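Letter by letter, the chains look like this.
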Amino acid sequence: MKRLLRLTANQHETLRRHLFPGDGKEAVALARCGRRSGESEHVLMAHEVFLVPHSDCRVREPDCVYWPPAVGHELYDRAAAKSMGILKIHSHPAGFDRFSHLDDQSDKELFQSLHSWTDDGLPHASAVMLPDGKMFGRFVGPSGEFHLIDRISVIGDHIRLFDREQNRAIDDAQLRTAQAFGDQTTLLLKRLRVAVVGCSGTGSWVIEQLVRLGVGQLVIVDPDVVERKNLNRIVNSNLSQAERKASKVAALAAALRAHGTGTEITPLEGLLFDEGIAKAVAGCDVVFGCMDKFEGRDRLNRLAVFYLLAYIDLGVRLDADGKGGIDNVCGAVHYLLPDGSSLLSRGCYSSETLRVEALLRTDPAQYKAELDEGYIKGAKVDSPAVISVNGFCASMAVNELLARLHPYRENRLEDERFHSFDLRNCDWTQREEGAACKLLAKKAGRGDMTPFLDCITDV
Ligand SMILES: [Zn+2]
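What you see is a predicted model, and the numbers here were worked out from it, not measured in a lab.

**Considerations on the coordination of the zinc ion**
And step 1. Protein ligation of the zinc ion involves His 90 (NE2), His 92 (NE2), Asp 103 (OD) and Asp 103 (OD), the donor distances falling in the range 2.1 to 2.3 Å.
And step 2. For the zinc ion, the four donor atoms are set out with angles of 57 to 153° between them, so the coordination reads as irregular.
And step 3. Each donor residue of the zinc ion belongs to the same chain, and together they define the spacing H-x1-H-x10-D. His 92 matches His 90 in its accessibility class, with the two residues each being buried.

**Some points on the domain arrangement of the chain**
And step 1. In terms of domain boundaries, the chain breaks down into domain 1 (2–169) and domain 2 (183–454).
And step 2. Using only C-alpha atoms to locate each centre, domain 1 and domain 2 end up separated by 33 Å.
And step 3. Counting residues at the interface gives 27 residues for domain 1, matched by 34 residues for domain 2.
And step 4. Both faces considered, domain 1 and domain 2 share a buried interface measuring about 2,400 Å² in area, 48% of it formed by carbon and sulfur atoms.
And step 5. Taken together, domain 1 and domain 2 are joined by five salt bridges.
And step 6. The shortest N-O distance in the salt bridge between Asp 157 and Arg 404 comes to 2.8 Å.
And step 7. At the boundary of domain 1 with domain 2, the tally comes to 21 residue pairs in polar contact (both at pLDDT 80 or more).
And step 8. Residue assignment for the side of domain 1 that touches domain 2 shows that the elements contributing at least two residues are strand E1 (2–8), helix H1 (9–19), strand E2 (28–36), strand E3 (41–51), strand E10 (151–155) and strand E11 (160–163).

**So, the packing of aromatic side chains**
And step 1. By the definition in use, this model includes five aromatic pairs.
And step 2. Summarising the aromatic geometry, the rings of Tyr 307 and Phe 452 are spaced 6.5 Å apart at their centres and angled 40° between planes, so their arrangement reads as tilted. Placement of the pair is Tyr 307 in the loop between helix H11 (294–306) and strand E16 (310–320) and Phe 452 in the segment after strand E19 (427–430), with a sequence separation of 145 residues. Across this residue pair, the class does not change: Tyr 307 and Phe 452 are buried.
And step 3. Arranged with centres 4.9 Å apart and planes meeting at 65°, the rings of Phe 392 and Phe 421 form a pair that is edge-to-face. Note that Phe 392 is positioned in helix H14 (residues 387–405) and Phe 421 in strand E18 (residues 418–422), a separation of 29 residues in sequence.
And step 4. Its relative accessible area of 2% is what places Phe 421 among the buried residues.

**Thoughts on the environment of Asp 292**
And step 1. Position of Asp 292 among the secondary structure elements: in the loop between strand E15 (286–289) and H11.
And step 2. A residue is classified by how much of its surface remains accessible, and Asp 292, at 56% relative accessible area, is exposed.
And step 3. C-alpha of Asp 292 to C-alpha of Lys 438: the two residues are 146 residues apart in sequence and 25 Å apart in space.

**Section: the sheet that holds E2**
And step 1. Judged by pairing direction, the sheet is mixed, and its nine strands sit side by side in the order E9-E8-E7-E6-E2-E3-E1-E10-E11 without closing on themselves. Strands with a single pairing partner mark the edges of an open sheet, and in this sheet they are strand E9 (146–148) and E11. Looking at each pair of strands side by side, their axes are set apart by 25° on average, direction ignored.
And step 2. Both strand E8 (residues 135–140) and E9 contribute to a ladder of three bridges, which runs antiparallel. What sits directly across from Phe 139, in E9, is His 147.

**Observations regarding the pairing of E18**
And step 1. Buried residues dominate E18, accounting for five of its five residues.
And step 2. As paired elements, strand E17 (residues 326–336) and E18 share five bridges and run antiparallel to each other. For His 334, the partnering residue across the bridge sits in E18 and is Phe 418.
And step 3. As judged from the four bridges shared by E18 and E19, these two strands associate in the antiparallel manner. In the sheet register, His 419 faces E19, and the bridge partner there is Gln 430.
And step 4. Taking the residues that link successive antiparallel strands as the turn, the E18-E19 hairpin has four residues, and the phi of Cys 426 there is positive, at about 50°.

**Examining the pattern of salt bridges**
And step 1. In the structure shown here, the tally under the stated rule is 35 salt bridges.
And step 2. Where Asp 107 meets Lys 88, a salt bridge forms, and the shortest distance between an N and an O atom there is 2.8 Å. Separated by 19 residues along the polypeptide, Asp 107 in helix H3 (residues 101–118) and Lys 88 in strand E6 (residues 85–91) bring together distant segments of the chain.
And step 3. The buried category is assigned to Asp 107, whose relative accessible area is 0%.
And step 4. Accessibility expressed as a relative area gives 4% for Lys 88, which makes it buried.

Criteria and cut-off values
Numbering of residues begins from 1 in every chain and follows the order in which that chain's sequence is written. A pLDDT threshold of at least 70 governs which residues receive local features in this predicted model, and a stricter bar of 80 or more applies before side-chain atom pairs are shown or counted, although totals over entire chains, interfaces and linings include all residues. Think of the side-chain values as coming from all heavy atoms in the structure, minus any hydrogens and water. Only N, O and S atoms count as donors, using a 2.8 Å cut-off from the metal and 3.2 Å for Na, K and Ca, and because water is excluded some sites may appear unfinished. Only two sets of limits are used to name each site, 85 to 135 degrees for every angle of a tetrahedral four-donor site, and over 155 degrees for opposite donors with all other angles from 65 to 115 for a square planar four-donor or octahedral six-donor site, with any other site named irregular. Only protein chains enter the accessibility calculation, which uses a 1.4 Å probe; a residue is then buried when its area is under 20% of its type maximum, exposed when over 50%, and partly exposed in between. Where each domain starts and ends follows an automatic or database-derived domain assignment. Contacts are assigned to residue pairs with any non-hydrogen atoms lying within 4.5 Å of each other. We define buried area as the total accessible area lost by two parts upon association, computed with a 1.4 Å probe and summed across both. Here a salt bridge means any side-chain nitrogen of Lys or Arg lying within 4 Å of a carboxyl oxygen belonging to Asp or Glu. Identification of polar contacts relies on pairs of N or O atoms within 3.5 Å, with a donor-acceptor requirement for protein atoms, meaning one able to donate a hydrogen and the other able to accept it, and with residues adjacent in sequence counted only if both atoms are side-chain atoms. Every helix listed is a DSSP run of H or I at least four residues long, and every strand listed is a run of E at least two residues long, numbered separately from the N terminus. Pairing of aromatic side chains here covers Phe, Tyr and the six-membered ring of Trp, requires ring centres within 6.5 Å, and sorts the geometry by plane angle: under 30 degrees stacked, over 60 edge-to-face, intermediate tilted. We treat two strands as partners when DSSP finds at least two bridges between them. Lines fitted to C-alpha atoms define the axes here, with helix axes fitted over just the stretch in contact, and angles between the N-to-C directions of these axes take values from 0 to 180 degrees.

Shown next as structure tokens:
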């Protein structure tokens, strides 16, 4: 069983300020967490942070903190009502990098009463933050048993992973000398789980690069088969696959395994509207959205928000002018944070576009009727594709991931979440992303719920 904990960088920073107020004494906070339950893995995602006031703590010393658990009653109630988890987090100002005996004792008491409160048999968690922001933690089961957390991820402009195995396997000296874009990048990418949704023009390019870079685990998702018409754009596709109508993901997985780079590849044939596929994607650290349809991109954005994933979205647009020329050769790469702006709030599409695409997918007869009667504009159909433009955009997107793992740019990363390019004017610009999404940001870390992703209209 793997155990994971995820936080947004904003939550991490809020906690860090509270847990290290500058007096060298321990402090404590709580968080209500969404879950991604599974047989082989359980993930807790922070959804609502509650800072235990320093003045409420009975004792605050450099090596211990005593606080009245009753201060969190309302939070425990809200968690119990929705089968959510509770994370307790405290600081070790002197940098002690393990749980102390006092921690064992206080965790046993706190979580015993929390388990009787929530009464669903699902784990809660306890974590410690060190002065440099690093974290470690453990899950606490219903019988009071402790299990160390395998990975704590902080999803922000800089993606940070604190791994239990990593701490053991690589000593500090090695980490200090490992070079970014050399050993350090390779080690980090090897630990990463990445999903790519959409395996055609841009997706196959992204996948090829991720495998060659040595990403450890890759989940690839697409519902379609290889066809002759897309041999001009799908990297690693060939005529024989098109003739036997091989599924895109199976064909790609076979070709990629033959590269011999050691990446573990999970091909999933289908759409994100399949809950099983969506949950598999939610198990990754980072997702790339390489889809044509706005509905799929919106769905992935929503999934990334609910399960705290870093989301890199890419899209290319080529507009023929109908006279043999071309009006637009442009594209965009979006870096989206779970508690930040969304594709919708950035104006990539409207709610009406989503409705029309959903109608076409779920009720083609009604779609045709509305189209014929002039109520709606037609959904986007196949647009021209040029492999070199797709490759350009895919490379920008993969470089975006590298910049988020090893910040190497001169500019502030928060100013670079929305890139667009225009190859007709040889232009590459950073665009304004706007404020956090009013609809989605409040769902950050909500995790499993019924209906799935809080969507009641899914089919
Ligand atoms: Zn402690």
